[in-house]
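In case you want the letters, here they are:
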Amino acid sequence: MADKNTELVGFVCQRCCQPVRLDPSFEKDFTDYQSDEGDENTNKISDKDQCNKYEEDEVDRLVIRSSQEEKDNFDAAEAQAKSYNDKIRLQAKLFDILSSQSEIDHPLCVECAGLLLDFLDQELEAAEVDCRTYSAFLDEFDNDNDEDIEQLQAQLEKLKTEEEHLQKQLQEGEKERENLLEERELQKQEASRLDQEEEKFMLEYHSLEKRKIEFENEDRSVDYQMIYAQVQIEKLKRTNIFNSAFHIWHRGHFGTINNFRLGRLPTVPVEWNEINAAWGQTALLLHCLAKKIGFTFSRYRLVPFGSYSFIEPISDKSRQLTLFCNGGIRYLWNSKFDSAMVAFLDCLQQFKEEVEKHDSGFSLPYKMTKGKIEDSSGSGGSYSIKTQFNSEERWTKALKFMLTNLKWALAWVSSKCLDSD
């Protein structure tokens, strides 16, 4: 049990939440209210006490009795706790009533109450100033009310007239707005149509542009092809077709045409197939040169036939002078082969004489007469083109001189062809 001098705190300030101590006068004034309430509670519970009396007697008979002093102390403590709880409960109820009567929650400490009073004083002063201002304005308004009514009425009529005018303008604006919306819709449709036409036009434009680029590329390609063809034509014009087709040169003691050796030596036994091929190329070259200048041989006709070329006498076409030989020992007695080589040398002499008719300055380096070739610039001897009664060395040199004369003839024809072109 608490000491009588101990101070019990049951409430806190509703603003700063600090414990508050109630004023003693508040407890003194509260005692009368508590006693009145206690009488009412006594009347209410008297009947309840009577009803429970029998039960308490029955309980007393079952409980072990304590000493009278302990019982008195317990009853006094219970009465004191009950009195304190009732006081707290009633004080809380009183504070609730006070809080419900205003916007301020109770209880408050002295400091918070002082601050609240200062704040309320400021609001009171502001309210009094507003009240005085409103009173002055109301007095001024009452004085000027009669004079301003006519002016307000005139302003009201003017505002009504202006309102009617603005209403008409608003209606006209609404109509104009509707017309503009309709026109806008038409413009949108027209814009959509124009967009579609523009898209279609752009597609056509891009298609035509693509075709134009293709045509330009094709035109440039044709131009490049023309330039290339002209370059090739110029190159071909400068090209000596006879030199390209019939390359006459030498390899040691041998004269060669298109790399085929013409002749043979004891130390270099050239195959007869190569010799026959060389004679075929030689016959073809002389035939082409004569045809180029439009000349026809008077005593013989050349028949170039590759490795089996031959010459026909004009007087006896049934006879063929073969420009090829199969080799062996019999070639030393092959009169047709020797006659064909003599006839070929005669044809080359006829070609020389024909060219000299058109160009008096033309001449061949080696003189040719009756199957022999003379070396006028060298040893001065003559070399037979026949194989009979002749050595292979002299026969090979005669063939080399013959190819040299043929190369000079080829050069003359090539120069004349370039000049004519």
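Throughout this description, residue numbers start from 1 for each chain and increase along the sequence as written. In keeping with the predicted nature of the model, local features appear solely for residues at pLDDT of at least 70, side-chain atom pairs appear and are counted solely at 80 or more, and the whole-chain, interface and lining totals rest on all residues. Side-chain measures here rest on the full set of heavy atoms in the structure, leaving out hydrogens and waters.

The subject of this paragraph is a nonpolar patch on the surface. What makes a patch is a set of residues exposed beyond 30% relative accessible area and free of salt bridges, joined within 9 Å when like-charged and within 5 Å when nonpolar (Val, Leu, Ile, Met, Phe, Trp, Tyr). Method for areas: the Shrake-Rupley scheme with a 1.4 Å probe, in which residue coverage is limited to the protein chains shown. Take a side-chain nitrogen of Lys or Arg and a carboxyl oxygen of Asp or Glu: if they are within 4 Å of each other, that pair is a salt bridge. On the surface, a cluster of nonpolar side chains totalling about 280 Å² of accessible area is made up of Leu117, Phe119 and Leu120. Assignment of secondary structure puts phenylalanine 119 in helix H3 (residues 110–238). Numbering of helices and strands runs from the N terminus, with a helix taken as a DSSP run of H or I at least four residues long and a strand as a DSSP run of E at least two residues long.

Take the sheet that holds strand E7 (residues 310–313) next. Two strands pair under a simple rule: DSSP has to find at least two bridges between them. One open sheet accounts for three strands, arranged E6-E7-E8; its pairing is antiparallel. One side of each edge strand has no neighbouring strand; the edge strands of this open sheet are strand E6 (300–303) and strand E8 (321–322). Note that E7 and E8 share two bridges and pair antiparallel. Considered in E8, the bridge of phenylalanine 310 is made with threonine 322.

Looking at where glutamate 354 falls in the secondary structure, it is placed in helix H6 (residues 335–358). Any two residues whose heavy atoms approach within 4.5 Å at even a single point are treated as in contact. Among residues more than four places away in sequence, those in contact with glutamate 354 are Ile293 and Phe295.

Moving on, we get to the packing of aromatic side chains. Stacked, edge-to-face and tilted labels apply to pairs of Phe, Tyr and Trp rings (six-membered ring for Trp) whose centres lie within 6.5 Å, assigned for plane angles under 30 degrees, over 60, and everything in between, in that order. Throughout the structure, instances matching the rule amount to ten aromatic pairs. On the basis of an interplanar angle of 80° and a centroid distance of 6.0 Å, the ring pair of tryptophan 272 and phenylalanine 337 is categorised as edge-to-face. Separated by 65 residues along the polypeptide, tryptophan 272 in helix H5 (residues 272–293) and phenylalanine 337 in helix H6 bring together distant segments of the chain. Phenylalanine 337 shares its class with tryptophan 272; the two are buried. Working definition: with a 1.4 Å probe on protein chains only, accessible area under 20% of the residue-type maximum means buried, over 50% means exposed, and in between means partly exposed.

Our focus in this paragraph is a positive patch on the surface. Asp and Glu are treated as the negative residues and Lys and Arg as the positive ones, with His and the ends of the chain left uncounted. Here the site of a charge means NZ on Lys, CZ on Arg, CG on Asp, or CD on Glu. The grouping of Lys372, Lys386, Arg394 and Lys397 at the surface amounts to a positive patch. Within the secondary structure, lysine 386 is located in the loop between strand E11 (382–384) and helix H7 (392–420).

In this section: the pattern of salt bridges. Applying the stated criterion across every chain yields a total of nine salt bridges. The residue glutamate 392 makes a salt bridge to arginine 264 at a minimum N-O spacing of 3.5 Å. Pair noted here: glutamate 392 is in helix H7 and arginine 264 is in the loop between strand E5 (260–262) and H5, with a separation of 128 residues, a long-range link. Its relative accessible area of 15% is what places arginine 264 among the buried residues. Two residues, aspartate 346 and arginine 299, come together in a salt bridge whose shortest N-O distance is 3.0 Å. Taken together, the positions of aspartate 346 in helix H6 and arginine 299 in the loop between H5 and E6 put the pair 47 residues apart, joining distant regions of the chain. One network of salt bridges, in which partners are shared, links Glu190, Arg193 and Glu197.

On to the confidence of the model for the protein. For the protein, per-residue confidence averages 79 on the pLDDT scale, and 78% of positions sit at 70 or higher. The predictor's confidence in any single residue is recorded as pLDDT, a number from 0 to 100. Counted against residues more than four places away or in other chains, residues 42–48, with its pLDDT under 50, gives zero contacts. The low-confidence segment residues 53–66 (pLDDT under 50) makes one contact with residues lying over four places distant or belonging to another chain.

Let us look at the sheet that holds E11. One key point about sheets: their strands pair by backbone hydrogen bonds, in either a parallel or an antiparallel sense. Judged by pairing direction, the sheet is antiparallel, and its three strands sit side by side in the order E9-E10-E11 without closing on themselves. Strand pairing shows two members of the sheet lacking a second neighbour, strand E9 (367–369) and E11, which therefore form its edges. When strand polarity is set aside, the average angle formed by the axes of neighbouring strands in this sheet is 25°. Pairing of E9 with strand E10 (residues 372–374) involves three bridges; the strand directions are antiparallel. Looking at the pairing, methionine 368 lines up with isoleucine 373 of E10. Where helices are involved, their axes are fitted lines through C-alpha atoms of the stretch in contact, as for all axes, and angles between N-to-C directions lie from 0 to 180°.

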